2 protein chains.
Amino acid sequence: MEIKEIVNKLSEKGLRVTPQRIAILSAIIKLNNHPTAENIIEYIKKNHPNISVGTVYKVLDSLVENNLLKKVKSESGIMRYDPTQSNHHHLYCAQTDRIEDYEDEKLDELITGYFNQKGIRNFKIQNIQLQITGTFK
Amino acid sequence: MEIKEIVNKLSEKGLRVTPQRIAILSAIIKLNNHPTAENIIEYIKKNHPNISVGTVYKVLDSLVENNLLKKVKSESGIMRYDPTQSNHHHLYCAQTDRIEDYEDEKLDELITGYFNQKGIRNFKIQNIQLQITGTFK
DNA sequence: TATTAGATGATAATGATTATTATTTGAGAT
DNA sequence: ATCTCAAATAATAATCATTATCATCTAATA
């Protein structure tokens, strides 16, 4: 039961469980490809016509702060949101605004191994994400 | 002579050589770390007080289109600009808005080698950029 | 030097995001 | 179950980066 899980995630983080938060989180999960705030609002309004735009932005911010979501930078500067999962990379279409997830454990090992040996002078690495640009066929 | 180079780059691309374009390109080169449009405007106004904001954005766009600049997505969604050079990656500070270039030929070879063998199903790779998040020490 | 497509400056418009504030509500205490 | 109140929400206005418009100007070529 998905809703249960969402409720759990929220209360684990000490966030109040509100219908808006549940709606927003499930919207992002349902919509599944890196929706913008606008996409989310549009989707939610079907079942939740009174939700306020400001609320959506505030909820998104607090979900990001609590690591339930990640912000994804898009080419145009409009922010998009992604449910946090195991670390993954992104495929950016060079021609459209399509963004897909890309997971590759072997690749991660390769890169992590490389930096474990080499490191970066004056920099402590927390996270590495690839932006792979190209075209879908 | 830097200005000469800039003039050359512009005319090579078939762009008219205007004082505004020269000023903007040299500002980005001088400023050196991924300035925003606002940073650029502020810097240019010293020597070029009448330049118009709209012009700066339009020039930036055309420089990006002609591969003389790259747009760098920043955490806040404000675009930043980077003179195009050999391909390079970015170090993002997790605490501030500092962004530094990171070049690493060995790493590029490693990654290119990996994808040459493996590829990505349904995707033609044009370019790979790493976003390395962490802290400067 | 004259011509003109393209560039610029001034200004207004847009659109995503943030701030404000009065009202409502979730969740722990009674 | 009800009370309490900090936190969340809805409605609205405000902000701020970016884009559009358009009259004027100018770089580049003849």
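Only a predicted model underlies this, so the values are computations on that prediction, with no experimental measurement involved.

Cut-offs used in this document
- Residues numbered from 1 in each chain as written.
- Chains lettered and ligands numbered in written order.
- Predicted model: local features only at pLDDT ≥ 70, side-chain atom pairs only at ≥ 80, totals over all residues.
- Heavy atoms only, no water.
- Helix = DSSP H or I, 4+ residues; strand = E, 2+ residues; numbered from the N terminus.
- Buried < 20%, exposed > 50% of the residue type's maximum accessible area, 1.4 Å probe, protein only.
- Contact = heavy atoms within 4.5 Å.
- Least-squares fit on C-alpha atoms with pLDDT ≥ 70 in both.
- Near = heavy atom within 4 Å.
- Nonpolar A, V, L, I, M, F, W, Y, C, P; charged D, E, K, R; others polar.
- Axes fitted to C-alpha atoms, helices over the stretch in contact; angles between N-to-C directions.
- Parallel < 35°, antiparallel > 145°, perpendicular 65-115°, else oblique.
- Left-handed = near helix turned anticlockwise from the far one by under 90°.
- Domains from an automatic or database assignment.
- Salt bridge = Lys/Arg side-chain N within 4 Å of Asp/Glu carboxyl O.
- Pairing = 2+ DSSP bridges.
- Phe/Tyr/Trp six-rings, centres within 6.5 Å; stacked < 30°, edge-to-face > 60°.
- Lys NZ or Arg CZ within 6 Å of the ring centre and 35° of its normal.
- Polar contact = N/O pair within 3.5 Å; in protein donor to acceptor, adjacent residues only side chain to side chain.

Novice: Would you mind going over the overall build of chain A with me for this structure?
Specialist: Looking only at helices and strands, one finds five helices and five strands in chain A. Its helices and strands in sequence order give chain A the pattern α-α-α-α-β-β-β-β-α-β, from N to C terminus. Split into buried and exposed, the 137 residues of chain A put 42% on the buried side. For chain A, contacts bridging at least 24 residues in sequence account for 44% of all contacts bridging at least 6.

Novice: I tried to follow the relation of the copies chain A and chain B on my own but got confused; where do I start?
Specialist: Superposition of the two copies of the chain requires a rotation about an axis together with a shift along that axis. For the pair chain A and chain B, the relating rotation is 180 degrees, the translation along its axis is 0.0 Å, and the fit reaches an RMSD of 0.1 Å. The transformation relating the two chain copies, once decomposed into turn and shift, fits a two-fold axis. The share of interface residues of chain A whose copies in chain B are also at the interface is 100%, consistent with both copies meeting through the same surface.

Novice: Looking at this structure, I do not really get the protein's contact with DNA strand D. What am I missing?
Specialist: Around DNA strand D, a shell composed of 20 residues is seen, among which Arg 16, Thr 18, Gln 20 and Arg 21 of chain A together with Tyr 57 of chain B lie nearest. For DNA strand D, the fraction of atoms within 4 Å of the protein that belong to sugar or phosphate moieties is 75%. Looking at the surface near DNA strand D, the elements that each hand over two or more residues are helix H2 (19–31) and helix H4 (53–65) of chain A together with helix H3 (37–47) and helix H4 (53–65) of chain B. Taken together, the residues of the surface near DNA strand D break down into eight nonpolar, five polar and seven charged.

Novice: Would you mind going over the packing of helix H1 (residues 2–12) of chain A against H2 of chain A with me for this structure?
Specialist: Helix packing geometry: the angle between the two helix axes and the distance between the axes. Residue and element names in this part refer to chain A. Put simply, H1 and H2 touch, their axes get as near as 10 Å, and they point 120 degrees apart. Relative to H2, the element H1 lies oblique. Regarding H1 and H2, the two cross each other, and that crossing is right-handed. Along its contact with H1, which presents Glu 2, Ile 3, Ile 6, Val 7 and Leu 10, the element H2 presents Arg 21, Ile 22, Leu 25, Ser 26 and Ile 29. Along the lines of polarity and charge, the residues of the contact of H1 with H2 split into seven nonpolar, one polar and two charged.

Novice: Looking at this structure, how should I read the domain arrangement of chain A?
Specialist: How large an interface is tends to be reported as the accessible area lost when its parts come together. Residues and elements named next belong to chain A. Under the domain assignment, chain A is made up of domain 1 (2–83) and domain 2 (89–134). Here the C-alpha centroids of domain 1 and domain 2 sit 25 Å apart. Opposite the nine residues of domain 1 that make contact, domain 2 presents seven residues. The interface formed by domain 1 and domain 2 holds zero salt bridges in total.

Novice: How should the sheet that holds strand S5 (residues 123–136) of chain A be read in this particular structure?
Specialist: The strands that make up a sheet are held in pairs by hydrogen bonds between backbone atoms, and each pair lies either parallel or antiparallel. Spatially, S4(A)-S3(A)-S5(A)-S5(B)-S3(B)-S4(B) is the arrangement adopted by the six strands of the open sheet, whose pairing is mixed. Only two strands of the sheet have a single partner each, and these edge strands are strand S4 (99–102) of chain A together with strand S4 (99–102) of chain B. Neighbour-to-neighbour, the strand axes of this sheet turn through a mean angle of 30 degrees, independent of strand direction. Pairing of S5 of chain A with strand S5 (residues 123–136) of chain B involves 13 bridges; the strand directions are antiparallel. Residue pairing in the sheet places Phe 136 of chain A in a bridge with Phe 123 of chain B of S5 of chain B. Contacts from helix H5 (residues 105–118) of chain A reach strand S3 (89–93), S4 and S5 of chain A together with S4 and S5 of chain B within the one sheet, and its direction differs from that of S5 of chain A by about 140 degrees. With respect to the sheet, helix H5 (residues 105–118) of chain B is in contact with S4 and S5 of chain A together with strand S3 (89–93), S4 and S5 of chain B, its orientation differing from that of S5 of chain B by roughly 140 degrees.

Novice: What is the right way to read the packing of aromatic side chains from this model?
Specialist: For any pair of aromatic rings, the description rests on two quantities: the centre-to-centre distance and the angle between the ring planes. Per the counting criterion, the structure on display carries six aromatic pairs over all chains. Here the aromatic rings of Tyr 114 of chain A and Phe 115 of chain A are separated by 5.3 Å at their centres, their planes lie at 80 degrees, and the arrangement is edge-to-face. Assigned by exposure class, Tyr 114 of chain A and Phe 115 of chain A land together as buried. Feature note: the residues Tyr 102 of chain A together with Tyr 114 and Phe 115 of chain B constitute an aromatic cluster, connected by ring pairs. One residue, Lys 73 of chain A, lies across the ring of Tyr 92 of chain B, its end atom 5.1 Å from the ring centre. In this arrangement the basic side chain of Arg 98 of chain A is found over the ring face of Phe 136 of chain A, its NZ or CZ atom lying 3.9 Å from the centre.

Novice: Is there a simple way to explain the protein's contact with DNA strand C in this structure?
Specialist: Taken together, 20 residues form the shell around DNA strand C, and within it Val 17 and Tyr 57 of chain A together with Arg 16, Thr 18 and Gln 20 of chain B come nearest. In DNA strand C, atoms within 4 Å of the protein come from the sugar-phosphate backbone in 70% of cases. Within the backbone of Val 17 of chain A, a nitrogen or oxygen atom sits 2.8 Å from a phosphate oxygen of DNA strand C. Between a phosphate oxygen of DNA strand C and a main-chain N or O atom of Met 79 of chain A, the distance comes to 3.2 Å.

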